[in-house]
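Coordinates in review
Next come the chains, spelled out residue by residue.
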Amino acid sequence: MISKQLLLTYFYLLIYVCLSSGVILYNKWVLSPKYFKFPFPITLTMIHMGFSGVVAFFLIRVFKVVAPVKMTFQIYATCVIPISAFFASSLWFGNTAYLHISVAFIQMLKALMPVATFLVAVICGTDKLRCDVFLNMVLVSVGVVISSYGEIHFNVIGTAYQVTGIFAEALRLVLTQVLLQQKGLTLNPVTSLYYIAPCSFLFLFVPWYLLEKPGMEISQIQFNLSIFFSNALCALALNLSIFLVIGRTGAVTIRVAGVLKDWILIALSTIVFPESTITGLNIIGYAIALCGVVMYNYLKVKDVRASNQLPADSIPERSTKEWKLDKKSLDIYTDDGNNSNNVGNKAGSAASESIVVDEEAPLLPSSRLSYVGRSQRN
C-alpha cells in the first residue's frame, strides 16, 4: 500500500511539473503576437520582478513570516548586484526568444545549460576540466546541433537570444557559487526574492526605457490587470514550489521530474500552439542531448556521494572545514520549528551540487548543470 509520505511526494512533484510547464506556456501566450499580442518581454519580466519583490517585502518586513539575513553593503554591492545583473539579463534574453522561436525548440536549446555552466565554471576555476564530463558536454552539444538542424522554423535571432540567455544564466550560477558561498550567505526563496528581485527590476529599467517604452506608446497596448497579475502569481508560485519540492524530496528527484517536465512541455506546446512543428530529427537530437545531461547528472551525484564518504583525516584542514560546512547544508529535511532554514540550506546545497534549473524560476540556485540559484552548483 502506498504510504502517505510517498503520495505527498508525488503531489509536490505534480505541482512543480504543472507550474513549471504552465508558466512557460503562459509566458509564450502573453508575448506571442498571434495570441495576447504583448510583444514586450522586458516589461513582462519587470512585472514579475516587481510583484515578487513586493510580496517578499510584505512577508519579511510586515508579516515577519521570514527573518531577513544579515546583509551588509559590501555583500550587497559585491554579490547581490552582479548576480542580479546576470539574472536580469538571462530573463530578458530568454523571454525575448519567445517572440521568435517555438517553446519546443527553446526547451531543446536549454539542454545546453550544462555545457554553458561547465565551460564558465572551468574558466572561472570553480570546476576542473575532466575527460568524462567533457565527453558528456560534447554529446549534449551534438544533440542540440542535430535538433537545431531539424527545426523547420529555425530563426537565427531567436536562437541567438536563447543561447545568450543560457550563458548569462550560467554566469549567474557560477557567480552565486563563488560569491555567496564564499561569504557563507544562505538565501531561502523569500529572502532571495527580497534582495535580488528589486535589483533586477532596476537593471531592466534602462533597456526597457530605451527599447520598449517608445513602442508601447505608439501601439497603445491595453494593459489587462488580471492577465498580468495571474501570470506574475504563477511565476512566484513556481519559485516557491521548487524549494518546497527540494526540501521534501531532494535535488535528485526534482532533476528527474525536470526531464519528465521537458518532454511533457514539448508535447503540450504543439497542442497549445499549433504552429509549433516537431520533426523526427528534433526528437532524435534532443534525445541524444538528454542522454548527455543524464550521464552528467549521474557523474555529479556519484562525485558528491564519494566526497561525503571520505574520511576526515584524508582531507586537508581547510578542505575539511569547507566539507563540513557543505555537509551541514545537506542535512535531511526534518519537520520541526526550523523548517524554513532546513529548506533553505538544502536548497542551497542542492544548488551547489545539482543541475536543477528552471529558467522560469530564476531565483533558484539552479541550472541544468548546476543548481545554484530556472535551480535550473557543483
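Structure first, text after, so check above.
Not measured: the values here are computed from a predicted model. (Residues numbered from 1 in each chain as written. Predicted model: local features only at pLDDT ≥ 70, side-chain atom pairs only at ≥ 80, totals over all residues. Heavy atoms only, no water.)

A look at the overall build of the protein
Within the protein, the secondary structure is distributed over 13 helices and zero strands. Starting at the N terminus, the α and β elements of the protein follow one another as α-α-α-α-α-α-α-α-α-α-α-α-α. About 17500 Å² of surface is accessible on the protein, with carbon and sulfur atoms providing 68% of the total. (Helix = DSSP H or I, 4+ residues; strand = E, 2+ residues; numbered from the N terminus. Areas by Shrake-Rupley, 256 points an atom, 1.4 Å probe, with all protein chains shown as cover.)

Some words on the nonpolar core
Grouped together as the largest cluster of nonpolar side chains are 78 residues, with contacts concentrated most on Val30, Phe38, Val103, Val140, Val144, Leu204 and Phe228. In terms of residue count, helix H3 (residues 73-97) provides more of this core than any other element does, ten residues in total. Ignoring sequence-local partners within four residues, the contact set of Phe228 consists of Val30, Phe36, Phe38, Leu44, Ile47 and Phe223. (Core = buried A, V, L, I, M, F, W, Y, C linked by side-chain atoms within 4.5 Å. Buried < 20%, exposed > 50% of the residue type's maximum accessible area, 1.4 Å probe, protein only. Contact = heavy atoms within 4.5 Å.)

Overview of unusual backbone geometry
The phi dihedral of Lys37 falls on the positive side, at around 65°, and the residue is not glycine. Within the secondary structure, Lys37 is located in the loop between helix H1 (4-31) and helix H2 (41-62). Taking relative accessible area as the criterion, Lys37 reaches 52% and is therefore assigned exposed. Its identity is not glycine, yet Lys64 carries a phi of approximately 55°, on the positive side. One can find Lys64 in the loop between H2 and H3. Given a relative accessible area of 61%, Lys64 falls into the exposed group.

Quick notes on helix H7 (residues 156-182)
With 27 residues, H7 should cover 39 Å at 1.5 Å per step; its first-to-last C-alpha distance of 38 Å lies within 8% of that length. For H7, the capping residue at the N-terminal end is Asn155, with a side-chain oxygen 3.0 Å from the backbone nitrogen of Ile157. (Expected span 1.5 Å × (residues − 1). Polar contact = N/O pair within 3.5 Å; in protein donor to acceptor, adjacent residues only side chain to side chain.)

Structural notes on a nonpolar patch on the surface
Together, Val54, Phe57, Phe58, Val62, Phe63 and Val65 make up a nonpolar patch on the protein surface, roughly 580 Å² of accessible area in all. Examined against the element boundaries, Val62 turns out to sit in helix H2. Residue Val62 is classed as partly exposed on the basis of its relative accessible area, which comes to 42%. (Patch = residues over 30% accessible without salt bridge, like charges linked within 9 Å, V, L, I, M, F, W, Y side chains within 5 Å. Salt bridge = Lys/Arg side-chain N within 4 Å of Asp/Glu carboxyl O.)

Side note on the side chain of Asn136
Position of Asn136 among the secondary structure elements: in helix H6 (residues 131-149). Accessibility expressed as a relative area gives 9% for Asn136, which makes it buried. Once residues lying within four places of it in the same chain are set aside, the contact partners of Asn136 are Gly292, Met295, Tyr296 and Leu299.

Everything listed here is a matter of geometry and, on its own, says nothing about what the molecule does.
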